[in-house]
Amino acid sequence: MTLHLPAPGGTTRAYHPRTDPLALTAGAPFTSRVVFSAAHVVADPYADVTPDGPAAVDWDATLAFRRHLWSHGLGVAEAMDTAQRGMGLDWAGAAELIRRSAAEAKAAGGRIACGVGTDQLSATGIGYPYSLDQVRAAYEEQLAVCEESGGQAILMASRALCAVAEGSEDYLEVYGHLLRQSAEPVILHWLGPMFDPALEGYWGSTDLDAATRTFLDVIAAHPDKVDGIKVSLLDARREVELRRKLPDGVRCYTGDDFHYPELIAGDDQGFSHALLGIFDPLGPLAAEAVRTLDTGHAGAFRALLDPTVELSRHLFQAPTRYYKTGVVLLAWLAGHQSHFTMVGGLQSARSLPHLARAYELADGLGLFPDPALAESRMKHLLTVHGVAQ
C-alpha cells in the first residue's frame, strides 16, 4: 500500500511502507555495558481529565511495556523526564509509578533505577518560594520512597534547587547531605536546559566549565556513594572530557540522544554506559547492538546503531522537551498500547508533519513488529487530521 504523508505547501508525498520488520529476539544479559531505557507512561484514554489535572495512567499497559524492555535485557529508568515528570505526571503519580514498577521488576528479575527529585515543590506566581531545607526535605521524601520500593536512586536535577540556590556551595550542601544518607550508591543526573529550560544555570553557574567543576566536587567528596553520572547535555566532547575525570569505579551513563553510538562504543580511554530516552522506541534494536558490542565487534555495533541517529535527532529536535510525543507515537504504532493519548494532552505537542516523519524513519529501520498494523494506525491518524488517503 501507499501512504500519503504531509509535505510542505499543503501537499502530500507518497510513501511505500516496508513489509518486513527486523527479526529481534531476547538474548543473553549484557556483559560490557550497563544500559537503561528511560520508559514512558501510558495514559488512560477513558479517564475524564484535564491537561492540568492529576495524571490518569493505564497501569496494565504501562507495566507491560516495562516487561517488554526487561525481556530484551534492558534496565528501566523509571519516573524520569521520559515518563513526563514535571510535564503532566506529578509526584503522587510518580510515587505510585515507582512502587508499581519496582514490584514488577522484582517479580520479573529486571533492573530498575528510579528518579528522585523535588517536584512536590511546584512553582507559584512568585516562582519557587522555598528554602534549601525544604528542597532537601523534598528530595529526602522521594529518596525514601525509592529505597523502600527497592529501586536504585537517580538524583534528578531540581527546578526548585536551581531557583533558590545562591551558588555552588548550596549544591554541595544539598547533594552532600543526600549522598551521606543514601543507603546505596546513586546515579547523579545532569539534565541540560534544552530538556528543561528551568534548569538553566544548574550547579550554580551558566558557565559549563564552572558547573562541571562543582559537579565533580560533589562526586569527589562521596565517590563511594556515586554509582555513576547521567549526562544529558547533547555535547559529546564535553561528556568525553567529563567521563575521563571521574574517579575509578564511577560510571558515566550517556544521556546524549544525538551521539549515543560513538559514546557507548567509546575510545582507547574509556566509554559510556547508557541511560537514554531513545532506547524506549529502540529497545530491542539497542539490545541487539549492545550484545554485538559484548563480543568485541564495535564496528558491527555501530553498523546497527548509527542508522538510528537520524530518528533520534528528529524526535529530540527543538523544543527538545517535547520528544516524548514522538516516543509515545511510536509505542502506539508498534502495538505496545491501543491509543495515541498522553498524560497532559501532550499528543498535540508535535505537528503532523513531525509525526509523519517519525513514522517514516522508524518504519525504514524496521522497528514495527507488525508493519501492517503501524501502517493502518498511521493512516487513521493522517485521515483524522484531514490528510486524504
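Residues numbered from 1 in each chain as written. Predicted model: local features only at pLDDT ≥ 70, side-chain atom pairs only at ≥ 80, totals over all residues. Heavy atoms only, no water.

*Asks:* An account of the overall build of the protein is requested, with residue identities and associated values reported.
*Replies:* Of regular secondary structure, the protein possesses 14 helices and 10 strands. In summary, the protein has a C-alpha radius of gyration of 20 Å against a globular reference of 21 Å for 389 residues, a match within 12%. In terms of overall dimensions, the protein has C-alpha extents of about 60 × 50 × 45 Å along its principal axes. Within the protein, contacts between residues at least 6 apart in sequence are counted, and of these 70% link residues at least 24 apart. As displayed, the protein has an accessible area near 15,400 Å², and 51% of this comes from carbon and sulfur atoms. Averaging the locations of the 31 positively and 47 negatively charged side chains of the protein gives two centres separated by 3 Å. (Helix = DSSP H or I, 4+ residues; strand = E, 2+ residues; numbered from the N terminus. Rg over C-alpha atoms; globule rule 2.2 N^0.38 Å. Contact = heavy atoms within 4.5 Å. Areas by Shrake-Rupley, 256 points an atom, 1.4 Å probe, with all protein chains shown as cover. Lys, Arg positive; Asp, Glu negative; His and termini not counted. Charge placed at Lys NZ, Arg CZ, Asp CG, Glu CD.)

*Asks:* Explain the layout of surface pockets to me, using residue names and the numbers behind them.
*Replies:* In this structure, the largest pocket occupies an estimated 530 Å³ of space. Elements represented by at least two residues in the lining of the largest pocket include exactly helix H4 (159–164) and strand E7 (186–191). Here the residues of the lining of the largest pocket are counted per class, giving 13 nonpolar, eight polar and eight charged. Lining the second largest pocket are 19 residues; nearest its centre among them are Pro281, Pro284, His336, Leu367 and Pro369. (1 Å grid on protein atoms, 1.4 Å probe; cavity = no way out; pocket = protein on both sides within 12 Å on 5 of 7 lines; lining within 4 Å. Points joined across faces, edges and corners; volume = space filled by probe spheres on them. Nonpolar A, V, L, I, M, F, W, Y, C, P; charged D, E, K, R; others polar.)

*Asks:* So what about unusual backbone geometry? Which residues, and what values?
*Replies:* With glycine set apart, most residues show a phi of negative sign, and most peptide bonds adopt trans. Following Ala318, the chain continues to Pro319 via a peptide bond in cis, the omega torsion being -10 degrees. Take Pro319: it is sitting in the loop between helix H11 (309–315) and helix H12 (323–333). Residues other than glycine seldom take positive phi values, yet Ala79 does so here, at roughly 55 degrees. Positive phi outside glycine occurs at Gln84, with the angle close to 70 degrees. Topologically, Gln84 is positioned in the loop between strand E4 (75–78) and helix H2 (91–108).

*Asks:* So what's going on with the nonpolar core? Residues and values would help.
*Replies:* In terms of nonpolar packing, the biggest core is built from 120 residues, with Leu161, Tyr175, Leu188, Tyr202, Ile229 and Phe279 touching the most fellow members. The dominant element in this core, judged by the number of residues it contributes, is helix H13 (residues 352–365), at eight residues. Sequence-distant contacts of Leu161, defined by excluding residues within four places in its chain, comprise Leu132, Val135, Tyr139, Tyr171, Val174, Tyr175 and Tyr202. Among the nonpolar cores identified, the runner-up in size contains 11 residues, and Ala38, Ile154, Met156 and Ile187 belong to it. (Core = buried A, V, L, I, M, F, W, Y, C linked by side-chain atoms within 4.5 Å. Buried < 20%, exposed > 50% of the residue type's maximum accessible area, 1.4 Å probe, protein only.)

*Asks:* Go over the state of the cysteines with me, naming the residues and quoting the values.
*Replies:* Taken as a whole and assessed by the stated rule, the structure comprises zero disulfides. With no disulfide of its own, Cys114 lies closest to Cys146 among cysteine sulfurs, the gap being 4.4 Å. (Disulfide = S-S within 2.5 Å.)

*Asks:* I'd like a rundown of the sheet that holds strand E6 (residues 152–155), residues and numbers included.
*Replies:* Hydrogen bonds along the backbone pair up the strands of a sheet, which may run parallel or antiparallel. The strand order around the closed barrel formed by eight strands is E3-E4-E5-E6-E7-E8-E9-E10, and the pairing between neighbours is parallel. Ignoring strand direction, the axes of neighbouring strands in this sheet form an average angle of 25 degrees. Examined bridge by bridge, strand E3 (residues 35–38) and strand E10 (residues 273–276) share three bridges and lie parallel to one another. Bridge pairing in E10 links Phe36 to Leu275. Packed on one face of the sheet, helix H1 (residues 59–71) meets E3, E4 and strand E5 (112–116) and runs near 140 degrees to E4. Sitting on the sheet, helix H3 (residues 132–149) touches E5 and E6, and the angle it makes with E5 is about 165 degrees. (Pairing = 2+ DSSP bridges. Axes fitted to C-alpha atoms, helices over the stretch in contact; angles between N-to-C directions.)

*Asks:* Before we move on, could you go through the side chain of Ser37 and cite the residues and values that matter?
*Replies:* As for its position among the elements, Ser37 is in strand E3. Here Phe279 takes part through its backbone oxygen, which lies 3.1 Å from a polar atom of the side chain of Ser37. (Polar contact = N/O pair within 3.5 Å; in protein donor to acceptor, adjacent residues only side chain to side chain.)

*Asks:* Give a detailed account of the environment of Asp306, specifying residues and quantitative values.
*Replies:* Along the chain, Asp306 falls in the loop between helix H10 (298–305) and H11. A polar atom in the side chain of Asp306 sits 2.7 Å from the side chain of Arg302.

*Asks:* Before we move on, can you summarise the environment of Arg33 with the specific residues and values?
*Replies:* You can see Arg33 is positioned in the loop between strand E2 (11–15) and E3. Once the C-alpha coordinates of Arg33 and Phe271 are considered, the two residues, 238 residues apart in sequence, prove to be 8.9 Å apart. The contact partners of Arg33, leaving out residues within four places of it in the chain, are Ile264, Ala265, Phe271, Ser272, His273, Val290, Leu293 and Asp294. Engagement of the side chain of Arg33 in a polar contact is seen with the backbone oxygen of Ile264, the distance being 2.9 Å. Engagement of the side chain of Arg33 in a polar contact is seen with the backbone oxygen of Ala265, the distance being 3.3 Å.

*Asks:* Account for the packing of H1 against H2, naming residues and giving values.
*Replies:* Contact geometry for H1 and H2: axes closest at 10 Å, N-to-C directions at 45 degrees. As far as their axial angle goes, H2 and H1 are oblique. As H1 runs across H2, the sense of the crossing is right-handed. In this structure, H1 uses Trp59, Thr62, Leu63, Arg66, Arg67 and Trp70 to contact H2, whose residues at the interface are Gly93, Glu96, Leu97, Arg100, Ser101, Glu104, Ala105 and Ala108. In the contact of H1 with H2, the residues fall into six nonpolar, three polar and five charged. (Parallel < 35°, antiparallel > 145°, perpendicular 65-115°, else oblique. Left-handed = near helix turned anticlockwise from the far one by under 90°.)

*Asks:* Give a detailed account of H12, specifying residues and quantitative values.
*Replies:* An α-helix turns once every 3.6 residues. As a result, residues three or four positions apart point the same way. With 11 of its 11 residues buried, H12 lies for the most part within the structure. Elements in contact with the buried residues of H12: H11, H13 and helix H14 (371–384). A positive phi of about 90 degrees marks Gly335, the residue just after H12.

*Asks:* So what's going on with empty space enclosed by the protein? Which residues, and what values?
*Replies:* Counting across every chain of the model gives one cavity of 30 Å³ or more. The calculated volume of the largest cavity comes to roughly 60 Å³. Forming the walls of the largest cavity are 13 residues, and the residues nearest its centre are Asp81, Lys230, Asp257, Gly277 and Tyr323. Here the lining of the largest cavity is built from residues that sort into six nonpolar, four polar and three charged.

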